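# A look at the structure
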Amino acid sequence: MRIVVAHSPDSDDAFMHYGLASGRVPNEGLTFEHLLADIQTLNEAAFKGTYEVSAVSFHAYAHLADTYLLLPHGSSMGDNYGPIVVARQDRPATLDGVTVAVPGLLTTAFLALRLYKPDVTYVVMPFDQIQDEVREGRVDAGLLIHEGQLTYGDEGLQKIVDLGEWWNARTGGLPLPLGGNVIRKDLGPEMVGKVSRILHDSIAYALEHRDEALDYALQFGRGLDRSKADRFVGMYVNELTLDYGERGRRAVQLLLDEAFEKGLLPKRIVAEYAAG
């Protein structure tokens, strides 16, 4: 059977899928195809149930829970760090009266921004253009995801707010859930469990063979040197990625509950996880 695993072309996603993509982890007779696309594109494809397994934002998952289960591994969480709103040094250091470039309306970064400042003014653009647009002064501020969280200072930009720090402080130390891997329910319990075990083993292999997995991930680092790539991977592929644990699951549910209570989701969602 052919299973498409869709994920973003980023160093952290590449790292966690290295074991499977390299053949180091047995595929148990399945054929896995890796499809790479940015998170907004993956979110939109998931609404059509396009791929058997996909990375999605938790914001998107709230609209997909009838079709997909969360895998119990593969999450990206900001543990006292996360998406960062930045501006030029000559711009205001608050969001009052500021238009923020955001990387997609279904991203969890945007959901967190609206929890932080419900009346925020925003404009949508591709995530990899935001930093340049802020630096060139064509937009007041930008919401940075992926590697931009580590490189904005090199470009003379200032931090207005780190949404992961903000979430950590207001929740008593919980991580900010950003993205997770989901699997289509219609595969059935046996296949879901089998695929889940293989993907878990891929993450475990990468964590246990960090240097070789990082070598592979570097080609997806968008200009990060090895030190920064290693730091970025460590931020988003760690023990919470291998298993949400009670702390991670509590953070996911709190995010979904608060988003519903603030009118940012159409219905209350209880996160549902696959076995394996």
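Bear in mind the structure is a predicted one, so any value in this text is a computation, not a measurement.

## Details of the overall build of the protein
The helix and strand inventory of the protein stands at 13 helices and 11 strands. For a compact globule of 276 residues, the expected C-alpha radius of gyration is about 19 Å, and the protein comes in at 18 Å, within 12% of that figure. By its C-alpha atoms, the protein is 55 × 40 × 35 Å across when sized along the principal axes. Taken across its 276 residues, the protein has 59% of its residues classed as buried. A separation threshold of at least 6 residues defines the contact pool for the protein, and within that pool the share at least 24 residues apart is 77%.

## Topic: the nonpolar core
Counting residues in hydrophobic clusters, the biggest one holds 96 residues, and the most contacted among them are Tyr61, Val85, Val100, Leu113, Ile183 and Val195. Counting residues per element, this core draws most heavily on helix 9 (residues 189-208), at 9 residues. In this structure, Val100 is in contact with Val85, Leu95, Leu113, Val120, Thr121, Tyr122, Val123, Ala141, Gly142 and Leu143, ignoring residues within four places of it in sequence. Core analysis: the next-biggest nonpolar cluster, separate from the first, contains 10 residues, Val86, Met125, Ile130 and Val134 among them.

## Concerning the pattern of salt bridges
Here the structure, examined in full by the defined rule, presents 25 salt bridges. Ionic pairing is found between Arg24 and Glu212, a salt bridge with its closest N-O pair at 3.4 Å. In this pair, Arg24 is assigned in the loop between helix 2 (18-21) and strand 2 (31-36) and Glu212 in helix 10 (residues 210-217), connecting sequence segments 188 residues apart. Asp66 is the salt-bridge partner of Lys267, the closest N and O atoms lying 3.7 Å from each other. In this pair, Lys267 is assigned in the segment after helix 13 (245-261) and Asp66 in the loop between helix 4 (58-61) and strand 4 (68-70), connecting sequence segments 201 residues apart. Residue Asp66 is classed as exposed on the basis of its relative accessible area, which comes to 64%.

## Description of the pairing of strand 8 (residues 121-124)
Across 4 bridges, the pairing between strand 7 (residues 99-102) and strand 8 is parallel. Within strand 8, the residue paired with Val100 across the bridge is Tyr122. Where the polypeptide runs from strand 7 across helix 5 (residues 108-116) and back to strand 8, its parallel neighbour, the crossover connection is right-handed.

## Structural notes on unusual backbone geometry
The phi angle at Glu28 is positive, at roughly 50°, despite the residue not being glycine. Relative to the helices and strands, Glu28 is located in the loop between helix 2 and strand 2. The exposure class assigned to Glu28 is partly exposed, which follows from its relative accessible area of 38%. Even without a glycine there, the phi angle at Asn80 is positive, about 75°. Locating Asn80 in the fold gives a position in the loop between strand 5 (76-78) and strand 6 (84-88).

## Some points on a nonpolar patch on the surface
A contiguous nonpolar patch, built from Leu105, Tyr122 and Val124 and spanning about 250 Å² of accessible area, is present on the exposed surface. Looking at the element boundaries, Val124 is found in strand 8. Since its relative accessible area comes to 44%, Val124 is described here as partly exposed.

## A few points about the packing of helix 5 against helix 13
Relative orientation of the contacting elements helix 5 and helix 13 amounts to 55°, with a least axis distance of 11 Å. Between helix 5 and helix 13, the interaxial angle falls into the category oblique. Here the hand of the crossing between helix 5 and helix 13 comes out left-handed. Residues Thr108, Leu111 and Leu115 of helix 5 lie in contact with helix 13, whose contacting residues are Leu255, Glu258 and Ala259.

So, how was this worked out
Residues numbered from 1 in each chain as written. Predicted model: local features only at pLDDT ≥ 70, side-chain atom pairs only at ≥ 80, totals over all residues. Heavy atoms only, no water. Helix = DSSP H or I, 4+ residues; strand = E, 2+ residues; numbered from the N terminus. Rg over C-alpha atoms; globule rule 2.2 N^0.38 Å. Buried < 20%, exposed > 50% of the residue type's maximum accessible area, 1.4 Å probe, protein only. Contact = heavy atoms within 4.5 Å. Core = buried A, V, L, I, M, F, W, Y, C linked by side-chain atoms within 4.5 Å. Salt bridge = Lys/Arg side-chain N within 4 Å of Asp/Glu carboxyl O. Pairing = 2+ DSSP bridges. Right-handed = clockwise from strand over helix to strand, strands pointing away. Patch = residues over 30% accessible without salt bridge, like charges linked within 9 Å, V, L, I, M, F, W, Y side chains within 5 Å. Areas by Shrake-Rupley, 256 points an atom, 1.4 Å probe, with all protein chains shown as cover. Axes fitted to C-alpha atoms, helices over the stretch in contact; angles between N-to-C directions. Parallel < 35°, antiparallel > 145°, perpendicular 65-115°, else oblique. Left-handed = near helix turned anticlockwise from the far one by under 90°.

Keep in mind these numbers describe shape, not what the thing actually does.
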